[in-house]
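Architecture and fold: a report
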Amino acid sequence: MIEIVFGKNAYNSLIVAQSYGKGKYHGGAVSVFIRNTDGTEPTAEEIQAAQLQAEENARQEWENAIPLNGKREDIYCFDIALSVGDISDNGLGEQRKAVLRNMLFVCPVEDLEYQIEEIVQKANSALSSVKERYTNGAEIRIWYSHNPDELCGMNWLMSQLRPLNSPTAIYLVKLPIWEYGKENTAISRNSWGDIAPGEWGKYIYRQEEARPAFIAACAMKWRQLQEENAPLRVMLNGQLQSVSEDIYDSFIFREIAAQPEQFKMASVIGNVLGKYQLGIGDVWVSNRIDMMIEKGMLEVVQDAPKGELNYRRILRKCRI
């Protein structure tokens, strides 16, 4: 079974999930960080109790896990941010490199061009391998969600596989938007990257085979998105839609308004991502704040230390 995911965190977690829970639990290093709500330092007894509880939780997670029993070489990751930027090209080439370059530029990355080239080459190599194996009878399982990158990835991959006319089955596992947790809690996950290794097996029951009509609909949807070729694709009213690049600005403005006159850029980015679960990454928010700086709505009071993310900048409100 070929396993397909669309994010690096999901890829790493799914690799561990293949054998997670298999055999006897032998324990491991578990760290805890606790803070009292009243601001006081936790006592040694409180720290020890938290440590013991964390170790017990880890043991239970191992014992309750359902190993997937797959192989690492059967897992493929397409972490290429297809919800962002130009998608008019059917292949993964210069257009995708330009998008990735814009997304990675905010980080102090050495050999940026080499890394971008490597990402695209790996994605193209993975696609060739998946196509060949699928044509030769290997079944495929795609893990996707309402997250725009994962949903775009699923539609894109269907458009790549449909022309092959292979009778081999394609299975889909969609992450639920809401789930019930312990102690009568409700949990919302943003993507498969939020899933721990011990949790993947419990979702197998949600697997459904993709019928030819659905595969055709996904391929058609991707062609539509390519023709529209908007700067961004998002989930809107339950549908994947092409939108303008400023669609999320109101959320950013809201969080900037809640800050003092001078504020840390990282605080706004963290609040936008943490509060609203928009399915976008920190780079997109950072780029939109850069646009606000260019337009004179904000100004940089203090730059980030050399070699660190520009998120460490101190900004001042001008026209917001």
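Report on the accompanying structure. Because the structure is a prediction, the values reported are computed rather than measured. (Residues numbered from 1 in each chain as written. Predicted model: local features only at pLDDT ≥ 70, side-chain atom pairs only at ≥ 80, totals over all residues. Heavy atoms only, no water.)

Helix and strand content of the protein: 9 helices and 12 strands. Taking 320 residues into account, the globule formula puts the C-alpha radius of gyration at 20 Å, and the protein, at 22 Å, falls close to it. Across its three principal directions, the C-alpha atoms of the protein cover 60 × 55 × 40 Å. Counting only residues that meet the buried cut, the protein has 43% of its 320 residues in that class. Sequence-distant contacts, at least 24 apart, represent 67% of the contacts inside the protein between residues at least 6 apart. Once the 35 positive and 43 negative side-chain charges of the protein are each reduced to a mean point, those two points are 3 Å apart. (Helix = DSSP H or I, 4+ residues; strand = E, 2+ residues; numbered from the N terminus. Rg over C-alpha atoms; globule rule 2.2 N^0.38 Å. Buried < 20%, exposed > 50% of the residue type's maximum accessible area, 1.4 Å probe, protein only. Contact = heavy atoms within 4.5 Å. Lys, Arg positive; Asp, Glu negative; His and termini not counted. Charge placed at Lys NZ, Arg CZ, Asp CG, Glu CD.)

So, on to the packing of helix α7 (residues 249-257) against helix α8 (residues 265-276). Helix-helix packing is characterised by the crossing angle of the two axes and by the distance between the axes. α8 packs onto α7 with a crossing angle of 120 degrees between their chain directions and a minimal axis gap of 9 Å. Compared by their axis directions, α7 and α8 come out oblique. At the point where α7 passes α8, the crossing takes the right-handed sense. For the pair formed by α7 and α8, the contact residues are F251, I252, R254, E255 and I256 on the first element and V268, N271, V272, K275 and Y276 on the second. Counted by class, the contact of α7 with α8 contains 6 nonpolar, 1 polar and 3 charged residues. (Axes fitted to C-alpha atoms, helices over the stretch in contact; angles between N-to-C directions. Parallel < 35°, antiparallel > 145°, perpendicular 65-115°, else oblique. Left-handed = near helix turned anticlockwise from the far one by under 90°. Nonpolar A, V, L, I, M, F, W, Y, C, P; charged D, E, K, R; others polar.)

To continue, consider the pattern of salt bridges. In a structure, side chains of opposite charge can pair up when their charged atoms sit close to one another. All chains considered together, the criterion is met by 14 salt bridges. Linking E113 and R101 is a salt bridge whose minimum nitrogen-to-oxygen distance equals 2.8 Å. Taken together, the residues E113 in helix α4 (residues 112-135) and R101 in helix α3 (residues 94-104) connect sequence positions 12 residues apart. Its relative accessible area of 28% is what places R101 among the partly exposed residues. Note that D290 is salt-bridged to R313, the shortest N-O span being 2.5 Å. (Salt bridge = Lys/Arg side-chain N within 4 Å of Asp/Glu carboxyl O.)

Attention shifts here to the packing of aromatic side chains. Applying the stated criterion across every chain yields a total of 8 aromatic pairs. Judged by centre distance (5.2 Å) and plane angle (70 degrees), the ring pair of F78 and W156 falls under edge-to-face. Of this pair, F78 sits in the loop between β2 (75-77) and α3 while W156 sits in helix α5 (residues 148-161), placing them 78 residues apart in sequence. Grouping residues by exposure puts F78 and W156 together as buried. Following the ring pairs from residue to residue traces out a cluster consisting of W143, W192, W200 and Y203. (Phe/Tyr/Trp six-rings, centres within 6.5 Å; stacked < 30°, edge-to-face > 60°.)

What follows covers the sheet that holds strand β10 (residues 262-264). Strand pairing within a sheet occurs via backbone hydrogen bonds; the two strands may be parallel or antiparallel. If you trace the 3 strands from one edge of the open sheet to the other, you get β10-β12-β11, paired in antiparallel fashion. Among the strands making up the open sheet, the edge pair consists of β10 and β11 (298-302). Strand after strand, the sheet turns through a mean of 40 degrees between neighbouring axes, direction not considered. Pairing of β10 with strand β12 (residues 314-317), which is carried by 3 bridges, proceeds in the antiparallel orientation. Paired with F263 across the strands is L315, a residue of β12. Sitting on the sheet, helix α9 (residues 282-294) is in contact with β11 and β12, with an inclination near 100 degrees to β11. (Pairing = 2+ DSSP bridges.)

Let's shift gears to the side chain of S166. In this fold, S166 is placed in the loop between α5 and β4 (170-174). By relative accessible area, S166 is classed as buried at 14%. A polar contact is formed between the side chain of S166 and the backbone oxygen of Y134, at a distance of 3.2 Å. Within the structure, the side chain of S166 is placed 2.9 Å from the side chain of T168, a separation counted as a polar contact. (Polar contact = N/O pair within 3.5 Å; in protein donor to acceptor, adjacent residues only side chain to side chain.)

With that settled, consider the sheet that holds strand β7 (residues 208-209). If you walk across this open sheet you meet the 5 strands as β2-β1-β3-β4-β7, and the pairing is mixed. Of all strands in the sheet, those bounded by a partner on one side alone are β2 and β7. Inspection of the sheet shows strand β3 (residues 140-144) paired to β4 by 5 bridges, in the parallel sense. Residue pairing in the sheet places I140 in a bridge with I170 of β4. Along the sheet, helix α1 (residues 8-17) makes contact with β1 (2-5), β2 and β3, crossing β2 at roughly 170 degrees.

Here the focus is the environment of E3. Looking at where E3 falls in the secondary structure, it is placed in strand β1. Remark: the alpha-carbon pair of E3 and V130, spanning 127 residues in sequence, is separated by 9.6 Å. Apart from residues lying up to four places away in sequence, E3 is in contact with L14, D74, I75, Y76, R141 and W143.

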